[in-house]
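These are the residues of each chain, in order.
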Amino acid sequence: MASLSSNEWKAVCAKFTNAQHLTDVESRNDPENDLFRSKYKARELLREIYCSLKNFEEGDGEEHDGGESSEPEPAEQPLDGGKEDSFSRGWSSDSRAGDRAAKLAAVDYYLGVNHVDTEELSAGQEHLMNCMKHLDKCRVSSENVSLFIHVRNQLGILWAGRDETEKAQGFLETAESIYKRYMKENGSPPTDMSEYFCSEENQLTHQERTKKFELAYTHTLYYLAQVYQYLGENERAANYCYSTLQRQLQLKQFNPMEWALNAATLSQYYITKGHYMEGRHCLAAATVVSGLAGEVPSEAAAQESEAESDRREQLRQKRSDIARCWIKYCLNLLRDAKKLLEDNIGELDTDRQDELRRARRREEEEEGRKQTLLFGSEDTFDSIASVEEKVSYLLPLDFTEARGIFLVGQNYVNQAKEYFQMDGYVTDHIEILQDHSALFQALAFFEEDVERRCKMHKRRVDMLEPICNDLNSQYYLLIRRQLMFELAETYNEMMDLKLTLANRQADSQSLDSHTIKKFNHLCSASAKYFQMFLDSLCSPEGKCPEHLEEDVLRPALVARFRVARLHGKLISSSPPVQLDNLNRSLENYKYVVQYCEAHPEAAAAAETELELSREMVGLLPLKINRLKARMAANN
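Residues numbered from 1 in each chain as written. Predicted model: local features only at pLDDT ≥ 70, side-chain atom pairs only at ≥ 80, totals over all residues. Heavy atoms only, no water.

Per an unreviewed UniProt entry, the chain is named KIF-binding protein, and its organism is Oryzias javanicus. Its UniProt record gives the chain the following Subcellular location (unreviewed entry) comment, quoted word for word: "Cytoplasm, Cytoskeleton". In UniProt, the chain has this text filed under Sequence similarities (unreviewed entry): "Belongs to the KIF-binding protein family." (UniProt positions renumbered as here; feature names shortened; annotations may be inferred.)

This is the structure in structure tokens:
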């Protein structure tokens, strides 16, 4: 900027420094009734800088004579940067025209960000696009590449906020390609645009430049991860999320609790894909990094200071959220193992168990599967590995292995419940209890002793039944329905197990009254909760719905089928009671058949139950008639 006097340029630099201070420091103290006061002041200074640069341009003849006249103005380039080669076309950064264009672009960039910050998005977009127009005249170089990436990041955020995801994707992917090509062809620490307006003695060091540039690219990856997730490209989104998190660790630019929550969230993607090694690594890293946030302030400290109170709340909640992600890890690991090991009647297939054990031994001999993710730095790597060692990533193949995973999950259940208590967090607390119940259910599959399996299901009943009975249906109808159905199924599982024991006993001796009483209690309890679920679907007058909504169609038909089956299994020596049970059973079987006949599309939702119901509708009348005949003969 040779045509500006030294004093004029110093004034420009001073204004820029003041504008930055107003934006980054003073704005934090702006009053609520004048929230953007400092940013408005910064905007005026930036406008003055822009006018100074434009006045210099108008008074400078060098663009049209002298050494610069031989360098033609570049052709217009597309503003998404996706079709023309910005690395070989345009003014070079060491030319006066290139230097001036970069400075004008930088001021437009800062004005654009300023307007976006003050929620004036259209004006912000206009300035950011003006920045792009200035840069489109320039060739990418170490002096301007940082600005090339920053402005595209900002436009990506702006368009994503307007749900114009594909436009955002275009800007961000261009920023990514510019970074990659620059690092491949040059790689030197680039000038930060804030350095355009500061004296030589205040220029950044190579290390500071590198950090700022790498952080800008980290933001590019972070925004791309969100764009790809929005577009449904989940695997791509997960890869970009991982890269973002790893770079934040390397650059030491992260908030420990936010980083930990993002890593824990990423783990859920890998868990749903069955990639448990990667899911465990994300959760272990989340646990370690969350510890960097420090200890949770005591209740006494929280009462004395609002800041400490807020900190206590944040730390407890976010660490409990991470604990809930661990619960899902353990639960999914157990469930996936169950799917692999169960036979066609839901019992453990020992042949399949032996086959999987052999496959595991072969994998171990071949040095096992390689880790595809690796978070951490010298400070955290060993700590992350230590957390990982506490729980396996392998699908459990027997009760001992399953119990180890169950105990880890149960430990995190207890941690999560400390924060998400029933008083204040009803929905969260119940979801945690449901996960705890599901952990017991999954573990019971691996238990060979029938009595012990029954006790595990009894634990499920003990934790869910009081909650179900105490909940107000007016406010928590959907949750209460879930609990009713789960309790009904749990009692049903216990009844089936007792039936297995009873059949074994019947081989050697007749059933005693205590066993019959216990069996009937489980049958009745299961039928009661299935009926409560069905009653919850009725109108206040008790009328059953003529049409079942899709979300309750299968549960309702299954509940009807189970009620019919349960009434048919009740043991009684009284013929009138037997007759009543058979009539109730027939009534519910008929409902399933008649509903599916009236609504043919419903048949696909309960094919097995419908087929068996049709059979029973044909068989039960014969059984009922035989019982009536016996009763008549006896009378």
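> Got a minute to help me understand the overall build of the chain in this structure?
From N to C terminus, the chain includes 22 helices and zero strands. A compact globule built from 635 residues would reach a C-alpha radius of gyration of about 26 Å, whereas the chain, at 34 Å, exceeds it by more than 25%. Principal-axis analysis of the C-alpha atoms gives the chain an extent of 125 × 55 × 55 Å. Each of the 635 residues in the chain was classed as buried or not, and the buried ones make up 46%. Total accessible area computed for the chain in this model is approximately 32,900 Å², and 46% of it derives from carbon and sulfur atoms. Separation of charge centres in the chain, based on 78 positive and 106 negative side chains, amounts to 7 Å. (Helix = DSSP H or I, 4+ residues; strand = E, 2+ residues; numbered from the N terminus. Rg over C-alpha atoms; globule rule 2.2 N^0.38 Å. Buried < 20%, exposed > 50% of the residue type's maximum accessible area, 1.4 Å probe, protein only. Areas by Shrake-Rupley, 256 points an atom, 1.4 Å probe, with all protein chains shown as cover. Lys, Arg positive; Asp, Glu negative; His and termini not counted. Charge placed at Lys NZ, Arg CZ, Asp CG, Glu CD.)

> Sorry if this is basic, but what is going on with the pattern of salt bridges here?
Side chains that differ in charge, positive against negative, can pair when their charged atoms come close. Under the criterion given, the structure shown has 31 salt bridges. The salt bridge involving Arg 236 is made with Glu 233; its shortest N-O contact spans 3.1 Å. Note on Arg 236: relative accessible area 35%, which makes it partly exposed. Residue class for Glu 233 comes out partly exposed when judged on its relative accessible area of 29%. For Arg 460, the salt bridge identified is with Glu 493, shortest N-O distance 3.5 Å. Remark: Glu 493 occurs in helix 18 (residues 473–506) and Arg 460 occurs in helix 17 (residues 450–470); sequence separation between them is 33 residues. Since its relative accessible area comes to 2%, Arg 460 is described here as buried. In this structure, a network of salt bridges that share partners links the residues Glu 173, Glu 233 and Arg 236. (Salt bridge = Lys/Arg side-chain N within 4 Å of Asp/Glu carboxyl O.)

> Help me out: how do you make sense of the environment of Thr 287 in this one?
Within the fold, Thr 287 resides in helix 10 (residues 276–291). Considered as a pair, Thr 287 and Ala 629 are 342 residues apart in the sequence and their alpha carbons are 70 Å apart. Contact partners of Thr 287, with chain neighbours within four places excluded, come to Ile 322, Trp 326 and Val 387. (Contact = heavy atoms within 4.5 Å.)

> Looking at this structure, I do not really get the domain arrangement of the chain. What am I missing?
Interfaces are often sized by the accessible area lost when the parts come together. You can read the domains of the chain as domain 1 (6–56 + 90–195 + 204–285), domain 2 (449–539) and domain 3 (559–634). Distance between the C-alpha centres of domain 1 and domain 3: 68 Å. (Domains from an automatic or database assignment.)

> How do you make sense of a negative patch on the surface when you look at a structure like this?
Taken together, Glu 363, Glu 364, Glu 365 and Glu 366 make up a surface patch of like negative charges. Within the element layout of this structure, Glu 363 appears in helix 13 (residues 350–365). The class of Glu 363 is partly exposed, set by a relative accessible area of 35%. (Patch = residues over 30% accessible without salt bridge, like charges linked within 9 Å, V, L, I, M, F, W, Y side chains within 5 Å.)

> Help me understand the side chain of Thr 191 in this model?
Within the element layout of this structure, Thr 191 appears in the loop between helix 6 (165–185) and helix 7 (206–230). Those residues in contact with Thr 191 that sit more than four places away from it in its chain are Ser 142, Glu 143, Ser 146, Tyr 196 and Arg 209.

> Sorry if this is basic, but what is going on with the packing of aromatic side chains here?
For any pair of aromatic rings, geometry is given as the distance between the ring centres together with the angle between the planes. As enumerated under the stated definition, the model contains 28 aromatic pairs in all. Seen from their ring centres, Phe 420 and Tyr 425 are 5.4 Å apart, and the 90° between their planes marks the pair as edge-to-face. Relative to Tyr 529, the ring of Tyr 491 lies with its centre 6.1 Å away and its plane at 10°, an arrangement referred to as stacked. Of the two residues, Tyr 491 is situated in helix 18 and Tyr 529 in helix 19 (residues 513–536); the sequence distance between them amounts to 38 residues. (Phe/Tyr/Trp six-rings, centres within 6.5 Å; stacked < 30°, edge-to-face > 60°.)

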